[in-house]
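Here's the letter readout for the chains.
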Amino acid sequence: MTDLLEPRAIGQGLVRRDGELKVRGTATYAVETPVENPAYCHPVQATVARGRVTAMDTAAATALDGVLAVLTPFDAERLASTEDAEYAVLQSDEVAFRGQLIGVVIAETSEVARQAADSVRVTYDEQEHDAELAVDHPGLYKPEKVNAGHETDTAEGDVAAAMATPQRDGGVTLERTYSTAMYHNNPLEPHATTALWDADAQFLTLWDSTQGVHPDRAAVCEVFGLEQEQVRVVCPYVGGGFGSKGTPHANVMLAVMAARALPGRPVKLALTRQQMFFLAGYRTPTIQQMQLAADRRGRLQAIAIDVVEQTSRIKEFAEQTGVPARMMYASPNRRSTHRLAALDVPVPSWMRAPGECPGMFGPEVAMDELAEELGLDPVELRVRNEPEVDPETGKPWSSRNLVRCLREGAERFGWAERPRGRREGDWLVGYGVASSVYPTMRQATSTANLRYADGRYVAEIGAADLGTGAWTILPQITADALGVDVGDVDVRIGDTQYPTASVAGGSSGTNTWGSALVVAARAFRDKFGGSPDDGDEISGDVDQAAKDDAHAPYAFGAQFVEARVNADTGEIRVPRLLGVFGVGRVINPRTARSQLIGGMTMGLSMALHENSVWDPRIGQVANHDLAEYHITVNADVGEIEAVWLDEHDPYVNAMGSKGIGEIGITGTAAAVVNAVHAATGVRVRDLPVTLDKVLPGLP
Amino acid sequence: MDADITLRVDGETRRLTVDTRTSLLDALRERLGNPSPKKGCDHGQCGACTILLDGQRALSCLALAVAYDGAEITTADGLARDGELHPVQRAFLERDAFQCGYCTPGQICSAVGVIDEFEKGWPSHVTEDLTGEPEITHDEVAERMSGNLCRCAAYVNITPAVQEAAGA
């Protein structure tokens, strides 16, 4: 049990503290940092998917007026560590995927840099590449672990036996294969860095777009052999990340290399939107083979998910897609496996709710199919499989209100009166439902500093606000922990000059940084009382915050979708989307709602629009820009509402809050597929749901 | 090749030298140090660079600066006058019509342009009656704002913010 804060500022829907800067456009993002006399970088990328660079003719580039330097694998500085092959830029002539960085031009202007980069002539010894994922790829292997440290495979009981035994008395078995597409995070702010190397002081300053200044610095120090004291990373504002700025990518290392080639001169490197499809991470496509067995009352006897996905040949990222099926529903027999193909492709990475996002697609559509086979209401089917304790660990839940979310959502949405293939004019109408889940995580390290100065409480922590609201909600938490008005509290973030903070990832920011701030605030009160003197100061570590390991902490939710499918054209519209969530105590309803509806809308985007169309012949995304990589736009959304239960969880942290940044995107795509099925009778098992998949099956 | 041009930016006369390949967006961001219009794609696909160009919303990444000598440009920063936010900016704050803030200046310039287009009676793709005055409905605003992508997906807050600012 934690000592829950008495909420005063917590729970208030305060307007964003950084809001005015953002609506004026004067919040400074990385590449916009005002620096004296900047130079501009433009990368050179490989145009083969596998091979060796045999020569680079840079004569035309260096001859251009305004070109300051051209770096290639043949003359770039040697890095201190090349252990992480993604970061080992310009260290060898090997090409591991199309679009890999093989050079950079630094010039007086961005126009000249780009022209010069285009004029570099590259000769390759091209080799045959393998860039096509298949469920029976001969190179499939079992990774040691999957992302976030989860076991690769789990097994309990005997799924095969349960599937082989004919289900008596009207029980059913179900075997289906589902797939999700390749997705690119595509934050609106392209990955970008301003970098300055002071050779005399041996000091590097990076203004980088990152979800964590301290992890960013640690990676740069490792690669360049620098001490932490030699590097400062500054990032007050991030133009979105969704995981792609959670770890630095190769562009950051290239920017540092360019800065070190031009000591004393700040350099700017912003990826183009097209380059982001090669260099900024992405979500692997997934193939999910599901098995379910249930008795006639719908109680699961077996649940299994066998996942096939890809990683790059040079660096492993194993998305933990099978993880949510391990804990969502009760079943005596369970199995989950992950197998990877290491291909000549760009390096996959985190994208909003890695694991849970794709991993709540197959299972939640399968539950809908099972409900249909059994003639059960899909809400009721889920309720009947509610586990008493976490099936994976056997621990009691810190709080689990999935059933309440389902019931509350059904009531609000009008689920009982749901249409099944009702035709309204030219449109077929159906409702769908799916569950949402996200683990409540706290990172191991974060420190907050708190002092009293000039009548105000000033906290510092190297946290990040990628639009989540950290600038606004961290003062709310600190104020309640101190027992003062939120207007008397400043919290400064986004700079390695402040104490170490963990990455804004895994929906763990508020839990981690907030806990550190609470520790600091309570220690401050203990030491200095209610009337501190100017300059009184103390720090607090997250590892001093109460941590409960006896319970399984998760946030849950239920999403309801109305789909309308045009009976003649197959056009799919989603006029209504409702999410009901149990996410603990909400710190700021205004910003929390934005995060939840933002996640749900991104889930809608995944369901209907997003698809990185992979061309295995050349090894690249064919639709690598925002004209052809479609994301949901304004006219695609109708009513989207997120509500939350009044949930009391005494085990997660002093705020009583669970993470909210990612749960919104989990389950949404399944709910859309289930609604389209209800409307049309067509079951789409491979995302996205597009009209060509629906049209042949329309009544 | 370079060219000397003059721009009126947020009420100030600015003289500058540009490469003839310099977009209006890069002229503002890289030459004049005005970061308000954002670069999200540089191809007219995302709307983050939207400014008001001689009073109308325009994609500054698709305009060559050299072709706009003498133009009157308003960025989102310039919409705020004498420390007072524009009604569209206030509505965006109140409705939390953004998260990361990167598409926001473009959304706001676009919204100001949209409201003006309504006042002029311009129809859109979803206007049913082309002979009457279009009404500032949800669908009309959503349609007209669809050139401005928001990856944080604040759309359900953006549309009512624009309607509210327009006095609908």
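What you are looking at is a predicted structure, and each value in this text was computed from that prediction instead of being measured.

Parameters at a glance
- Within each chain, residue numbers correspond to sequence positions counted from 1 in written order.
- The naming scheme follows written order: chains are lettered A onward, ligands numbered 1 onward.
- Only residues with pLDDT of at least 70 get local features here, since the model is predicted, and only at 80 or more are side-chain atom pairs given and counted; chain-wide, interface and lining totals rely on the full set of residues.
- Any residue pair is listed as a contact if its two C-beta atoms, each placed from the backbone, are within 7 Å.
- Numbering of helices and strands starts at the N terminus; helices are DSSP runs of H or I of at least 4 residues and strands are runs of E of at least 2.
- Amino acids outside the nonpolar list (Ala, Val, Leu, Ile, Met, Phe, Trp, Tyr, Cys, Pro) and the charged list (Asp, Glu, Lys, Arg) are all regarded as polar, and Gly is one of them.
- The split into domains, and so the bounds of each, comes from an automatic or database assignment of domains.
- Only strands joined by at least two bridges in the DSSP assignment are considered to pair.
- Axis angles are defined between N-to-C directions and span 0 to 180 degrees, where every axis is a line fitted to C-alpha atoms and, for a helix, only to the segment in contact.
- Using C-beta atoms placed from the backbone, we call a residue buried if 20 or more other C-beta atoms fall within 10 Å of its own, exposed if 12 or fewer do, and partly exposed for counts in between.
- A set of buried residues qualifies as a nonpolar core if it consists of Ala, Val, Leu, Ile, Met, Phe, Trp, Tyr and Cys joined through C-beta atoms within 7 Å.
- These descriptions rest on fixed angle ranges, namely under 35 degrees for roughly parallel, over 145 for roughly antiparallel, 65 to 115 for roughly perpendicular, and the rest for oblique.
- Handedness of each helix crossing follows the sense of rotation of the near helix against the far helix: counterclockwise by less than a right angle gives left-handed, clockwise gives right-handed.

Turning next to the interface of chain B and chain A. Each side of the interface is counted separately: chain B has 48 residues, and chain A has 46 residues. Counting only elements with at least two residues in the side of chain B that touches chain A, the list comes to α1 (24-31), α2 (76-79), α3 (87-95), α4 (104-119), α5 (138-144) and α6 (155-165) of chain B. Counting residues per element, the side of chain B that touches chain A draws most heavily on α6 of chain B, which supplies 5 residues. When the residues that make up the side of chain B that touches chain A are grouped by side-chain class, the tally is 25 nonpolar, 14 polar and 9 charged.

Moving on, we come to the domain arrangement of chain B. All names here are of chain B. Under the domain assignment, chain B is made up of domain 1 (2-79) and domain 2 (87-165). For domain 1 versus domain 2, the separation of C-alpha centres amounts to 22 Å. Opposite the 16 residues of domain 1 that make contact, domain 2 presents 13 residues. Taken together, the elements giving at least two residues each to the side of domain 1 that touches domain 2 come down to β3 (50-53), β4 (56-59) and α2. Among the residues forming the side of domain 1 that touches domain 2, the class breakdown is 8 nonpolar, 6 polar and 2 charged.

All names here are of chain A. Taken in spatial order, the 5 strands of this open sheet run β9-β17-β16-β15-β10, and their pairing is mixed. The open sheet has two edge strands with one neighbour each: β9 (154-156) and β10 (172-180). This sheet shows a mean twist of 15° between the axes of neighbouring strands, independent of strand direction. The pairing of strand β15 (residues 286-294) with strand β16 (residues 300-312) spans 9 bridges and is antiparallel. Bridging across to β16, Met290 finds its partner in Ile305. Sitting on the sheet, helix α9 (residues 362-374) is in contact with β10, β15 and β16, with an inclination near 145° to β10.

Moving on to unusual backbone geometry. Residues and elements named next belong to chain A. The omega torsion of the bond from Leu687 to Pro688 falls at -5°, within 30 degrees of zero and hence cis. Position of Pro688 relative to the elements: it lies in the loop between α15 (668-680) and α16 (691-694). The backbone phi angle of Leu90 is positive, close to 55°, even though this residue is not glycine. In this structure, Asp454 takes a positive phi of about 55° despite not being glycine. Here Asp454 shows up in the loop between β20 (447-453) and β21 (456-460). With 7 C-beta atoms packed within 10 Å, Asp454 lands in the exposed category.

Residue and element names in this part refer to chain A. Counting 280 residues, the largest nonpolar core has Val105, Ile106, Ala258, Leu517, Val672 and Val676 as its most contacted members. Looking at which element gives the most residues to this core, the answer is helix α6 (residues 250-261), with 10 residues. Those residues within four positions of Ile106 in sequence are excluded, and the remaining contacts are Ala39, Cys41, Leu68, Ala69, Ala113, Ala258, Ala261, Leu262 and Val267.

Residues and elements named next belong to chain B. α4 packs onto α3 with a crossing angle of 130° between their chain directions and a minimal axis gap of 9 Å. It follows from the interaxial angle that α3 and α4 lie oblique. Considering how the two elements wind past one another, α3 and α4 form a crossing that is right-handed. Listed contacts from α4 to Val88, Gln89 and Phe92 of α3 are Thr104, Ile108, Ala111 and Val112. For the contact of α3 with α4, the per-class residue count stands at 5 nonpolar, 2 polar and no charged.

This part covers the sheet that holds strand β12 (residues 203-208) of chain A. Residues and elements named next belong to chain A. Overall, mixed pairing links the 7 strands, which are arranged β3-β5-β1-β14-β11-β12-β13 in an open sheet. Lying at the two open borders of the sheet, with one neighbouring strand each, are β3 (67-71) and β13 (231-234). Neighbour-to-neighbour, the strand axes of the sheet open up by a mean angle of 20°, direction not taken into account. Of the strand pairs in this sheet, strand β1 (residues 39-45) and strand β14 (residues 267-270) are connected by 2 bridges, and their pairing is parallel.

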